[in-house]
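Read off the chains here:
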Amino acid sequence: MTTPEITLATPTDRDAVLATLVAAFVKDPILRHLFPDEDTYPRYAAIFFGDLFDKRVHRSSIWTIGGGASVAIWEPPAGQPADAPPDAPGVGHGSPEEARYPADVLARVQGYGEAVHAALPTYPFWYLGVLGTHPDSAGRGWGRAVMRAGLARAAADDLPAILETSYPANVELYRRAGWEVVTSLSEPVPTWIMQQPPR
């Protein structure tokens, strides 16, 4: 069986990408810290991933495979010119999606974001913010494939790549793929920050 083509996401992929990520992260420690209520998890997780998608899709930094069954959302280095015009959705206008969170959820989202960003390196890097595969497509190696597409872009820029994970088992999986732990957080959720040097 041949691997489907890896493509850059466009706005028309939004629904498929969000469906994949909401399903993929249903047991993720970070997402469940942010959205612990079973009834509201699907809605708030979709807002969360939709905000990330809208901010990145015009920067040619979201790779998908299998019609969105696996997704890697990367953040280009700070200061890299955006591919979007200044009035593109999610660019330069704050986050209207965040207004749809209740105050306690918004506080958790902002608190976690601030904790992670404070732990990130100050030098330029490509940031793998989200890597997820729909459970129905797990085990096909598609997650690694879309991750490698972003790593190739980082290598072309001669820059390291950074990610964070809150799954202890993922640390070893990422290590086998060339990543190394550079620091960790204990609060609000145990989280490992990992780096892959440019190749």
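No experiment lies behind these values; they were computed from the predicted model shown. (Residues numbered from 1 in each chain as written. Predicted model: local features only at pLDDT ≥ 70, side-chain atom pairs only at ≥ 80, totals over all residues. Heavy atoms only, no water.)

## As for the pairing of strand β4 (residues 126–133)
Put simply, the test is: A pair of strands is labelled paired if DSSP reports no fewer than 2 bridges between them. What counts as a helix is a DSSP run of H or I of at least four residues, what counts as a strand is a run of E of at least two, and both are numbered from the N terminus. Look down the strands so they point away from you; if the path from the first strand over the helix to the second goes clockwise, the crossover is right-handed.
Where strand β3 (residues 70–75) and β4 come together, six bridges link them in antiparallel fashion. Counterpart to E75 in the pairing with β4 is Y127. Two elements, β4 and strand β5 (residues 161–165), share three bridges in a ladder whose sense is parallel. Bridging from a neighbouring strand, W126 pairs with A161 of β5. Taking the sense of rotation as the criterion, the β-α-β connection linking β4, helix α5 (residues 142–156) and β5 turns out right-handed.

## Digging into the packing of aromatic side chains
Applied cut-off: Any pair of Phe, Tyr and Trp rings, taking the six-membered ring for Trp, is counted once the centres come within 6.5 Å. Such a pair is stacked with planes under 30 degrees apart, edge-to-face with planes over 60 apart, and tilted for the rest. Using a 1.4 Å probe on the protein chains alone, a residue whose accessible area is under 20% of its type maximum counts as buried, one over 50% counts as exposed, and one in between counts as partly exposed.
Under the criterion given, the structure shown has nine aromatic pairs. Between F35 and Y44, the ring centres sit 6.1 Å apart and the planes meet at 45°, which makes this aromatic pair tilted. Both residues of the pair, F35 and Y44, count as buried. Between Y44 and Y101, the aromatic rings sit 5.9 Å apart at their centres with planes inclined by 75°, giving edge-to-face as the arrangement. With Y44 in helix α3 (residues 41–56) and Y101 in the loop between β3 and α4 (103–119), this residue pair connects regions lying 57 residues apart in the sequence. Accessibility assignment for this pair places Y44 and Y101 in one class, buried. Site record: aromatic cluster; members linked through ring pairs are F25, F35, Y44, F48, F49 and Y101.

## Thoughts on the pattern of salt bridges
Rule in force here: Any carboxyl oxygen of Asp or Glu that lies within 4 Å of a side-chain nitrogen of Lys or Arg is treated as forming a salt bridge with it.
Overall, the coordinates contain eight salt bridges when judged by the stated rule. Ionic pairing is found between R14 and D54, a salt bridge with its closest N-O pair at 2.8 Å. Here D54 lies in helix α3 and R14 lies in helix α1 (residues 14–24), a separation of 40 residues in the sequence. Salt bridges here are not isolated pairs; linked through shared partners, they connect R56, R59 and E75.

## Overview of α5
Rules: Helix span is expected to be 1.5 Å times the residue number reduced by one. Whether two residues are in contact is decided by their heavy atoms, any of which lying within 4.5 Å being enough.
Taking 1.5 Å per residue as the helical rise, α5 with its 15 residues ought to reach 21 Å, and the 21 Å between its terminal C-alpha atoms agrees with that figure. Turning to α5, the residues buried within the fold contact β2 (62–65), β3, β4, β5, α6 (168–176) and β7 (191–196). With its phi angle positive at about 55°, D158 sits one or two positions after the end of α5.

## Regarding the environment of A115
Within the secondary structure layout, A115 lies in helix α4. Sequence spacing of A115 and L185 is 70 residues, and the spatial spacing of their C-alpha atoms is 8.0 Å. Those residues in contact with A115 that lie beyond four places of it in its chain are L185, E187 and P188.

## Quick notes on the packing of α1 against α3
Stated formally: Interaxial angles span 0 to 180 degrees and are taken between N-to-C directions of axes, which are lines fitted to C-alpha atoms, for helices over the stretch in contact. Should an angle fall under 35 degrees it is called roughly parallel, over 145 degrees roughly antiparallel, and 65 to 115 degrees roughly perpendicular, with every other angle called oblique. Handedness of a crossing is defined here by the sense of rotation of the near helix relative to the far one, left-handed for an anticlockwise turn of less than a right angle and right-handed for a clockwise turn. Lys, Arg, Asp and Glu make up the charged group, whereas Ala, Val, Leu, Ile, Met, Phe, Trp, Tyr, Cys and Pro make up the nonpolar group; the residues left over, Gly among them, are polar.
Two numbers describe how α1 lies on α3: the axes approach to 9 Å, and their chain directions differ by 130°. By the criterion of interaxial angle, the relationship of α1 to α3 is oblique. As for how α1 packs across α3, the hand of that crossing is right-handed. Counted together, R14, V17, L18, L21 and V22 of α1 and Y41, P42, A45, A46, F49, G50, F53 and D54 of α3 form the full contact between these two elements. Grouping the amino acids of the contact of α1 with α3 by side-chain chemistry returns 10 nonpolar, one polar and two charged.

## Quick notes on the nonpolar core
Side chains of a nonpolar character, in soluble globular proteins, are inclined to be buried together. Stated precisely, the cut-off is as follows: For our purposes a nonpolar core is just a set of buried Ala, Val, Leu, Ile, Met, Phe, Trp, Tyr and Cys residues, chained together by side-chain atoms within 4.5 Å.
Of all hydrophobic cores here, the largest spans 35 residues; its most connected members are L21, L31, F35, F48, F49 and Y101. Top element by residues in this core is α3. It accounts for eight residues. Once residues lying within four places of it in the same chain are set aside, the contact partners of F49 are L18, L21, V22, F25, L31 and V130. Within the second largest apolar cluster, 22 residues are counted, among which are A145, L151, A161 and Y174.

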